[in-house]
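Secondary and tertiary structure notes
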Protein chains: 2
Amino acid sequence: MRVIVDAYGGDNAPEAVLQGCRMAADRWKCEIILTGDGEKLREKAAELGISLEGMRIAEAPDVIPMDAEPTAIMKQYKDCSMARGLQMLADGEGEAFVSAGSTGALVVGGTLIVKRIKGVKRPAIGTVVPCRNGCFMLLDSGANHDCRPEMLRQFGLMGSVYMKRILGVPSPRVGLVNIGAEETKGTELQVEAYGLMKEASYNFIGNVEAREVPLGGCDVAVCDGFTGNIILKVTEGLAKLFMSEIKAIFMKSLPNKLAAAVVKKDLGAFKKKFDSAEYGGALLLGTKKPVIKAHGSSDAKAFYNAIRQAISCCENNIIGEMESQLAAETAEKE
Amino acid sequence: MRVIVDAYGGDNAPEAVLQGCRMAADRWKCEIILTGDGEKLREKAAELGISLEGMRIAEAPDVIPMDAEPTAIMKQYKDCSMARGLQMLADGEGEAFVSAGSTGALVVGGTLIVKRIKGVKRPAIGTVVPCRNGCFMLLDSGANHDCRPEMLRQFGLMGSVYMKRILGVPSPRVGLVNIGAEETKGTELQVEAYGLMKEASYNFIGNVEAREVPLGGCDVAVCDGFTGNIILKVTEGLAKLFMSEIKAIFMKSLPNKLAAAVVKKDLGAFKKKFDSAEYGGALLLGTKKPVIKAHGSSDAKAFYNAIRQAISCCENNIIGEMESQLAAETAEKE
């Protein structure tokens, strides 16, 4: 197994990338291929005392900035560490790719360099989000702001395969995120998508109101990328707000501080559950090979988890499963 | 001051309505006009031992169900308690109207019976939502799923007037809810609305990412009604999830239970802050007279707060202020 990792993606690159890759290479039998400026990477590894055993470096002189136009990955930044990694993946020089760089550039590069699975209209970003009693996959969580109903139908299929193959949910409940339970609710997009999804081969459970999503109302929450990004970001903001409010309560007085000491361990576990670094990266679903999108603020542990996710996608052949299910749906319609 | 209240709106009607109105009538010098079936209301009041002093009943034989088509308020339910209340408001038989009934019916009825302020494209539901260091107004939070850019511009104006006049924010920061800070982010709707809003007379601070909304990133969060409903409902679901997780931690063991006893008062205050019953109802903004939308699950305290909000809207002349600001903006454009 060879996992290609963008050494210069994310706020904490390349330090956190090197540390996370070291942890992953020690833990699993996998070869890590780092894309980036070799001289600088070797220097940084030496400085941090990180051995590069089991890893190799593929030269990429450039880095695409987070605020660059996504399409720039195909033009002025075509030699960046992300583009190099995607090209190696497309060329069969590795089985999966991990990057914490610009989401937009990864979507464009993944779509145009790695290319789509046959029949896929548009790849989507799928994010695994914690909820009551487990987690769910939210997709699209940001790749496509404007979606057509057929795209939402496919997102349901791709999310369903992931939840079943990777997270072991027997028959994932696929819900359409909407503002009401009835089939007629929402905008034209939701109404038409509902009609298509109820004919799909996966376990479509109908509309899921946004209130039910964090409460475990479905295993796959399907929506357009604008709505998905809003849900993800509101969740992040509220988690931050609640944690800071709880912390303020526990720091308020000496008795409160003593009470905090008692529940510290349990609160820590709770915080860990809602910590994005714990459940690893998101995925670009719909490309011919697995492309993992680690959070921009990923630390070493998050990179380690993203690599674990990449390996799991390969071992469980989620791409092959998506291909055959898409082919079956297409054959059925013809 | 005469406040008209729909006695048969909401899950806890008419009991909670009667109790909330009693509290309000005792507290403020206002006359309460209850719309609904008089005989049943008097019976229920007697049964609960609630005096109807300072209140009077306006007969309305019918009730519009929560799941009725919103437009049904103009046809088969034109004699319902909500329609009667809106008609009385339009006819000048009261200064404001409060209902916890169907949001959709209230939007249709408010728009067609009470009618819009001159120049208003579409009324919006504005909801006051708690956040770090206070609260913000989210609008549209559900009246219009599909919006045009000009509507979003007006929502900013209406929300700004509310936050200034009612909540005393000197120069409310109006933000456009979006998936990134740059002017070019989002769908066509956001890009075009941004262009209009930056020319507006209020304090437009640009795009606000959804993550910043609960963290107090703006005083008025402007979006289409689909997005607003999603934000509101995800917030509700997450608040419920976090509270139940905290509760589970505190019930886990005897030491944890003892720790809980120490911080109980502070946690209660925290919970109260995020309790929708505490900050009262939402508003239909853009109608010629104040229409208050209480939460469907409103209890007596929530009705009391909604009536307080209705009185405050009248005393602070928010309709007059919106009228003059809209007129000024229109004059400027001509």
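Residues numbered from 1 in each chain as written. Chains lettered and ligands numbered in written order. Predicted model: local features only at pLDDT ≥ 70, side-chain atom pairs only at ≥ 80, totals over all residues. Heavy atoms only, no water.

This part is about the confidence of the model for chain A. Mean pLDDT over chain A works out to 93, with 97% of the residues at or above the 70 mark. Our summary of model confidence lists the complex with pTM equal to 0.93 and ipTM equal to 0.92. (pLDDT = per-residue confidence, 0-100.)

Counted according to the given criterion, the structure contains eight aromatic pairs over all chains. Judged by centre distance (5.2 Å) and plane angle (80 degrees), the ring pair of Y194 of chain A and F204 of chain A falls under edge-to-face. Placement of Y194 of chain A in helix α6 (residues 188-197) and of F204 of chain A in strand β8 (residues 204-209) is noted, with a sequence separation of 10 residues between them. In terms of burial, Y194 of chain A and F204 of chain A fall into one category: buried. Centroid distance F242 of chain A to F270 of chain B: 5.8 Å. Interplanar angle 85 degrees. Geometry classified as edge-to-face. With F242 of chain A in helix α7 (residues 225-251) and F270 of chain B in helix α8 (residues 254-273), this residue pair bridges two chains. The pair formed by F242 of chain A and F270 of chain B is uniform in burial state, with each residue classed as buried. (Phe/Tyr/Trp six-rings, centres within 6.5 Å; stacked < 30°, edge-to-face > 60°. Helix = DSSP H or I, 4+ residues; strand = E, 2+ residues; numbered from the N terminus. Buried < 20%, exposed > 50% of the residue type's maximum accessible area, 1.4 Å probe, protein only.)

With that out of the way, let us pick up the sheet that holds β8 of chain A. All names here are of chain A. As summarised here, the arrangement of the 11 strands in space is β3-β2-β1-β4-β11-β10-β5-β6-β9-β7-β8, forming an open sheet in which the pairing is mixed. The sheet is open, and its two borders are formed by β3 (55-59) and β8, each paired with just one other strand. For this sheet, the mean inter-axis angle between neighbouring strands, taken without regard to orientation, is 30 degrees. Pairing between strand β5 (residues 124-131) and strand β6 (residues 134-139): five bridges, direction antiparallel. When the bridges of β6 are listed, T127 appears paired with L138. With respect to the sheet, helix α9 (residues 300-315) is in contact with β1 (2-6), β2 (31-36), β4 (96-99), β10 (282-285) and β11 (291-293), its orientation differing from that of β4 by roughly 160 degrees. (Pairing = 2+ DSSP bridges. Axes fitted to C-alpha atoms, helices over the stretch in contact; angles between N-to-C directions. Contact = heavy atoms within 4.5 Å.)

Take chain A, turn it by 180 degrees, move it 0.0 Å along the axis, and it overlays chain B with an RMSD of 0.1 Å. On the angle and the small slide along the axis, the relation comes out as a two-fold axis. Using C-alpha coordinates, one finds that chain A approaches the rotation axis most closely at A259 of chain A, a distance of 2.1 Å. Interface overlap between copies is the fraction of interface residues in one copy that are interface residues in the other; for chain A against chain B it reaches 100%, indicating a shared surface. (Least-squares fit on C-alpha atoms with pLDDT ≥ 70 in both.)

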